[in-house]
Amino acid sequence: MDPINCSSVGLSDVLASKMSPSKILLSLTLSFLAVATTTINSLVITAILITRKLHQPANYLICSLAVTDLLVAVLVMPISIVYIAEETWVLGPIVCHLWLGVDVTCCTCSILHLAAIALDRYRAITDAVAYSQKRTYKRAVITILALWTLSVLVSLPPLVWRKFPVEHKDGEREVMDCLIEHDHVAFTVYSTFGAFYIPLTLILVLYYKIYKAAETLRNRRGSSRLVKQTVSSVMLPGMSSDKDIALSPETFCPAEKSFSDPSTDGERVRITSSSGNLIKVRRNPGARERRAAFTLGLILGAFVICWLPFFLKEVIVNICPNCSTSAVLADFLTWLGYLNSLINPLIYTIFNEDFKKAFKKLMPLCCSNIL
């Protein structure tokens, strides 16, 4: 047998396997997801930074979440694509350790941000007056630093004490894995519960309470008398303090303002100023509550669908010695979790009118820069 021909055939087989249509399609699909995640999160960050109306403590958590998801898209996803395409780890042990550290820390931090946002919204709706005074820039920065610190504390021990993989045979070639495996169940419980199961429980409880609180507010605001009392308590510049302000639909106004939390209220107050002072009440009972419930459903549904399968697999594989999953299934579940970094900025901004307006202003600028 001609050794030259053998080597030529072997090389062509390797090239053919690496350039197979299915692998090319998979790499392009994953690359598209990485680019889309980078673009959308960058858009959210830019909108918050340059739009003065979005400079609110509540949006600082959204911005920090977008930064975390952007790090996943830029530092984690591209290396994962290379790993999947090569079907073996080719970047060396140091890069493997760094990549796993960034992967686990950023994904954990993204999940913890979702829990912090749920807690922020819960306090905003149940203790609006007192919490509005505590909802400051300094408090938001402290919260963000605490989330990153907690993420490192959750991620570091399993990374330090993990089993380091060695090269092994896969058919006729040597392959090396880059993953987290533990000899002790305690590390699995510590990492999975700290990174997912405890935040998941907190998110479910908080959003259930948010939904019930919004429902209670809607029922309380159902009486027209309460609406009139709320309107009559609003004082505007130049408006008389008399309680006999005319409520008449005769004059129409250019300005409109909502005097309640947009996520929980279905009432809108219209204010005008002409020859006389006029307040007009327009009711849309339950509309915002339904939209809020729909948003909560999207948030919870996306979070659970993206991350629950992955963490169930982690628990089963690390606790059961005889249990294992295929590389294809493991990669699918991992990228299903990464997909949450693409969905987060969409869900948390698409239902906000201020973000919509900021995005509309940014799109022409982005297009002009590309052209």
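These numbers come from a predicted model, not from an experiment.

### As for the packing of helix H4 (residues 92-126) against helix H7 (residues 185-220)
At their nearest, the axes of H4 and H7 sit 9 Å apart, and the two run at 25 degrees to each other. By the angle between their axes, H4 is roughly parallel relative to H7. Two packed elements cross with a definite hand, and for H4 against H7 that hand is left-handed.

### Some thoughts on the nonpolar core
One broad trend across soluble globular proteins is that nonpolar side chains are buried collectively. Counting 69 residues, the largest nonpolar core has Tyr207, Trp307 and Tyr348 as its most contacted members. Ignoring anything within four residues of it in the chain, the contact list for tryptophan 307 reads Cys107, Ile111, Phe196, Gly337, Tyr338 and Asn340.

### A closer look at helix H3 (residues 57-86)
In an α-helix, one turn spans 3.6 residues; hence positions three or four apart end up facing the same way. Look at H3: 44 Å from first C-alpha to last across 30 residues, which is about the 44 Å you get at 1.5 Å a residue. Helix geometry: H3 is bent most strongly at valine 76, by close to 35 degrees, with proline proline 78 lying one to four residues after it.

### With respect to unusual backbone geometry
We note that glutamate 87 has phi near 65 degrees; this positive angle belongs to a residue other than glycine. Its location among the elements puts glutamate 87 in the loop between H3 and H4.

### Things to note about the environment of threonine 29
Its place among the elements puts threonine 29 in helix H2 (residues 21-50). We classify threonine 29 as partly exposed; its relative accessible area is 39%. For threonine 29 and isoleucine 81, which are 52 residues apart along the polypeptide, the C-alpha to C-alpha distance reads 9.8 Å.

### What about the state of the cysteines?
On inspection of all chains with the given rule, the structure shows one disulfide. In this structure cysteine 107 is not part of a disulfide, and its nearest cysteine sulfur, from cysteine 106, lies 7.0 Å away. Among the residues examined, cysteine 107 registers a relative accessible area of 8% and is labelled buried.

### A word on the confidence of the model for the chain
Overall, the prediction assigns the chain a mean pLDDT of 76, with 69% of residues at 70 or greater. The secondary-structure element of the chain with the lowest mean pLDDT is strand S3 (residues 255-257), recorded at 32, while H3 shows the highest, at 94. In the model, residues 1-17 has pLDDT below 50 throughout and makes two contacts with residues more than four positions away in sequence or in other chains. Confidence drops under a pLDDT of 50 for residues 223-283, and excluding neighbours within four residues, the segment shows 85 contacts in the predicted structure.

### Quick word on a nonpolar patch on the surface
Residues Val185, Val189, Phe193, Ile198 and Ile319 make up a contiguous nonpolar surface patch of roughly 410 Å² in combined accessible area. In terms of residue count, H7 provides more of the nonpolar patch than any other element does, four residues in total. Along the chain, valine 189 turns up in helix H7.

### Observations concerning the packing of aromatic side chains
Per the stated rule, a full pass over the model turns up 14 aromatic pairs. Pairing tyrosine 83 with tryptophan 89 gives two aromatic rings, centres 5.3 Å apart and planes at 90 degrees, and the pair type is edge-to-face. Here the two residues tyrosine 83 and tryptophan 89 agree in accessibility, since each one is buried. With a centroid separation of 5.2 Å and 90 degrees between ring planes, the pair formed by phenylalanine 310 and phenylalanine 311 is classed as edge-to-face. The residues phenylalanine 310 and phenylalanine 311 share a single accessibility class, namely buried. An aromatic cluster of three or more residues is present, and its members are Phe193, Phe196, Tyr197, Phe303, Trp307, Phe310 and Phe311.

Analysis parameters
- Residues numbered from 1 in each chain as written.
- Predicted model: local features only at pLDDT ≥ 70, side-chain atom pairs only at ≥ 80, totals over all residues.
- Heavy atoms only, no water.
- Axes fitted to C-alpha atoms, helices over the stretch in contact; angles between N-to-C directions.
- Helix = DSSP H or I, 4+ residues; strand = E, 2+ residues; numbered from the N terminus.
- Parallel < 35°, antiparallel > 145°, perpendicular 65-115°, else oblique.
- Left-handed = near helix turned anticlockwise from the far one by under 90°.
- Core = buried A, V, L, I, M, F, W, Y, C linked by side-chain atoms within 4.5 Å.
- Buried < 20%, exposed > 50% of the residue type's maximum accessible area, 1.4 Å probe, protein only.
- Contact = heavy atoms within 4.5 Å.
- Expected span 1.5 Å × (residues − 1).
- Bend = angle between axes of the 7 residues up to and from the residue.
- Disulfide = S-S within 2.5 Å.
- pLDDT = per-residue confidence, 0-100.
- Patch = residues over 30% accessible without salt bridge, like charges linked within 9 Å, V, L, I, M, F, W, Y side chains within 5 Å.
- Areas by Shrake-Rupley, 256 points an atom, 1.4 Å probe, with all protein chains shown as cover.
- Salt bridge = Lys/Arg side-chain N within 4 Å of Asp/Glu carboxyl O.
- Phe/Tyr/Trp six-rings, centres within 6.5 Å; stacked < 30°, edge-to-face > 60°.

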